[in-house]
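# Architecture at a glance
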Amino acid sequence: MSNEHPTGAPRTASYEADPEQVQRVLLLYSGGLDTSVMLKWIQDQYGAEVVCLTVNLGQPGEDYEVIRGKAMQLGALDCHVVDAREEFAREYLAPAIKANALYGGGYPLFTALGRPLIAKLAVEHARRAGCDTIAHGCTGKGNDQVRIEATVATLAPELKLIAPVRSWQMGRQEEIAYAREHGIPIKSHPGKGTEAAPPYSIDDNLWGRSSEGRWIEDLGHAPEDDVFQLVRRAEDAPDEPEHVELSFERGTPVALNGERLGLVELIEAAAEIGARNGVGIIDHIEDRIVGLKVRDIYEAPAAAIILPAHQELERVVCTIHENQFKPQLDRQWAFLVYAGLWWEPLRGDLDAYMEHVNEQVTGTVGLKLYKGHARVVTRSSPNALYDAALASFSESGGLFSQSASPGFIELWSLQSRMAWRLRNR
């Protein structure tokens, strides 16, 4: 039994496929150059049958019939196209909203949230199709390999994995040459010919869009306009502000500007509003799980509206102690998801807390959008721990007696005053 990849590199994990035992492969297939080359390469290198899986998480502009047809043309036994937008929104984005999920204070986790769902679907379809192996197109420098492989190893230890991009040692030009040799169609890029590399490495879904490559890797290089294909530049946004109202029930957004919508439709509508107002551009320095520090350009107009609105509504309905404590758990939740540990029991434990807190998060938040900025301007909730009469400076009495303040201040500051005196004798 061999312990090596087709390239001769040794296997280092128990779930990596033994080439001699690879008979039928479930390939996560996007229709792009990498996975199209992969489809043919797996057949050639392993002598294996390939079943493709394409998952729709709300990527704009995709023709899934064309993608399926291309896979079949390249020798796939079958190509399953799954519309997972509703499940993605319900089971992944809704918990992320309740957890105010941002990694590193900026990244709203759209790719990180999509990968465990894609990998879970890969496991389900691999089992149905009688596959022994799952293949993906992730590189050895990214987080996605962690998210996909950890999911498969967790949910289906009987299945093995191959990651051709990590082992085949082909660069972009070698891939293009391989595609030409084997008659693999290559997407054209306007003004660059049919075999030019796309300007950026793109990943997108319902919750946002990421761009990597080219000048983005140069920290001293300011963003170039051609990278922004989803969000309008702030300079080109309307000269008049736009107001938007988001309504939540138990932490989940349910209405936009008074119109009740399903979560997928609401996210799409919020993204459209944010994008035209230049809202949601994130230029982010990020610490990857694999040890690299990288720069990413994100466009997340829906998240840039929904997350601040949800967080503000939490502030209104929660106590000071909840508002001090929950952000710590929010950060831990985001880290686990970013790190590819969606199936870690702690995430489920944290979800239980998030759900409990969000039982009170019902109400409406108004935001003012203007040239790249989204600012909360109004709040209302039947569960608000806010009383205008108590908060007013013009009145006293009821639950709050101003005459009680001196005694409170003396006791509240006692230890601090004693410590200051001792240390400044």
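Computed from a predicted structure; not experimentally measured. (Residues numbered from 1 in each chain as written. Predicted model: local features only at pLDDT ≥ 70, side-chain atom pairs only at ≥ 80, totals over all residues. Heavy atoms only, no water.)

## Details of the nonpolar core
Soluble globular proteins tend to bury their nonpolar side chains together. L109, L113, W207, I306 and W333 are the most contacted members of the largest nonpolar core, which totals 81 residues. No other element matches the ten residues that helix α4 (residues 110-128) contributes to this core. Here W207 is in contact with L93, I97, P108, F110, L113, I267, A300, A302, A303, I306 and L307, once residues within four sequence places are set aside. Core analysis: the next-biggest nonpolar cluster, separate from the first, contains 29 residues, V37, V50, A135 and I184 among them. (Core = buried A, V, L, I, M, F, W, Y, C linked by side-chain atoms within 4.5 Å. Buried < 20%, exposed > 50% of the residue type's maximum accessible area, 1.4 Å probe, protein only. Helix = DSSP H or I, 4+ residues; strand = E, 2+ residues; numbered from the N terminus. Contact = heavy atoms within 4.5 Å.)

## A look at the packing of helix α3 (residues 85-98) against helix α8 (residues 263-276)
When two helices pack together, their arrangement is given by the angle between their axes and by how far apart the axes lie. For the pair α3 and α8, interaxial distance at closest approach is 9 Å and the crossing angle is 80°. With respect to α8, the axis of α3 lies roughly perpendicular. Two secondary-structure elements touch here, α3 through R85, E86, A89, R90, L93 and A94 and α8 through L263, V264, E265, I267 and E268. Residue composition of the contact of α3 with α8, grouped by class: six nonpolar, no polar and five charged. (Axes fitted to C-alpha atoms, helices over the stretch in contact; angles between N-to-C directions. Parallel < 35°, antiparallel > 145°, perpendicular 65-115°, else oblique. Nonpolar A, V, L, I, M, F, W, Y, C, P; charged D, E, K, R; others polar.)

## Side note on the pattern of salt bridges
Within the structure shown, the criterion is met by 29 salt bridges. The salt bridge involving E87 is made with K120; its shortest N-O contact spans 2.8 Å. Taken together, the residues span a long stretch of sequence, with E87 in helix α3 and K120 in helix α4 at a distance of 33 residues. Judged by relative accessible area, which is 22%, E87 ranks as partly exposed. Across the salt bridge formed by D226 and R214, the nearest N and O atoms sit 3.5 Å from each other. Note that D226 is positioned in the loop between β7 (208-212) and β8 (242-249) and R214 in the loop between β7 and β8, a separation of twelve residues in sequence. Here R214 falls in the partly exposed class, since its relative accessible area comes to 44%. Here the salt bridges share partners, and the residues they tie into one network are R115, D144, R147 and D203. (Salt bridge = Lys/Arg side-chain N within 4 Å of Asp/Glu carboxyl O.)

## Here's the deal with the sheet that holds strand β10 (residues 259-260)
Read from one edge of the open sheet, five strands run β10-β9-β8-β13-β14, paired in antiparallel fashion. Across the chains shown, the open sheet's two edge strands, defined by having one partner strand only, are β10 and β14 (373-380). The pairing of β8 with strand β13 (residues 363-370) spans seven bridges and is classified as antiparallel. Looking across to β13, one finds that L246 is bridged to V365. (Pairing = 2+ DSSP bridges.)

## Details of the packing of α3 against helix α9 (residues 301-317)
Relative orientation of the contacting elements α3 and α9 amounts to 50°, with a least axis distance of 9 Å. Taken together, the axis directions place α3 and α9 in an arrangement best described as oblique. Residue-level contacts link A96, I97 and K98 of α3 to I306, L307, H310 and E314 of α9. For the contact of α3 with α9, the class distribution of residues is four nonpolar, one polar and two charged.

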